[in-house]
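A closer look at the structure
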Amino acid sequence: MPFTVTAAGLNTLTVTASEVDDETQGITVSTPIVVPEGGSATFSVQLDAQPIVPVTVDVSKLPGGDADLSASPLSLTFTPADWNLPQFVTVS
């Protein structure tokens, strides 16, 4: 964004400035969790910084993981209004 700097009797100067975003986007997850056989456990997911637009976080099992375990929900959506509130995933 350009700004103009002026003073009476002196040259007019133009200064160009831009904002450097110093916030790092990231996700905080409360792990590890222990799931008892036949039971369930939850972990929380939260964004580290406020997004400008909604952000979707996908949850998926890695290949070779325990076939007996499943997670729900498999997708979490954070908005600029609720980015700092934890959302929960249940593993059973």
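Every value quoted in this text rests on a predicted model; they were computed, and no experiment measured them.

Parameters at a glance
Residues numbered from 1 in each chain as written. Predicted model: local features only at pLDDT ≥ 70, side-chain atom pairs only at ≥ 80, totals over all residues. Heavy atoms only, no water. Core = buried A, V, L, I, M, F, W, Y, C linked by side-chain atoms within 4.5 Å. Buried < 20%, exposed > 50% of the residue type's maximum accessible area, 1.4 Å probe, protein only. Helix = DSSP H or I, 4+ residues; strand = E, 2+ residues; numbered from the N terminus. Contact = heavy atoms within 4.5 Å. Pairing = 2+ DSSP bridges.

Now for the nonpolar core. Listed in full, the 10 residues of the largest apolar core are F43, V45, L47, V57, V59, L76, F78, W83, V89 and V91. Those elements that provide at least two residues to this core are β4 (41–47), β7 (75–78) and β8 (87–91). Looking at which element gives the most residues to this core, the answer is β4, with 3 residues. Contact partners of F43, with chain neighbours within four places excluded, come to V29, S30, I33, V59, Q87, F88, V89 and V91.

What the 4 strands build is an open sheet, ordered β3-β4-β8-β6; its pairing is antiparallel. Of all the strands in the sheet, the pair left with one neighbour each is β3 (27–29) and β6 (71–72). Across 5 bridges, β4 lies against β8 in antiparallel orientation. Within the sheet, the bridge partner assigned to T42 lies in β8 and is T90.

What follows is about the environment of G39. Within the secondary structure layout, G39 lies in the loop between β3 and β4. Judged by its relative accessible area of 24%, G39 is partly exposed. Along the backbone, G39 and G9 are 30 residues apart, and their C-alpha atoms lie at a distance of 79 Å. Discounting residues that sit within four places of it in the chain, G39 has contacts with V91 and S92.

Counting buried residues along β4, 5 of its 7 residues qualify, which places the element largely inside the surrounding structure. Summarising the sheet, β3 and β4 pair through 3 bridges and their orientation is antiparallel. Bridge pairing links T28 to Q46 in β4.

Cis rather than trans, the peptide bond between T31 and P32 has omega equal to 0°. Mapped onto the elements, P32 comes out in the loop between β3 and β4. A cis amide bond, omega -5°, links S72 with the succeeding residue P73. Note that P73 resides in the loop between β6 and β7.

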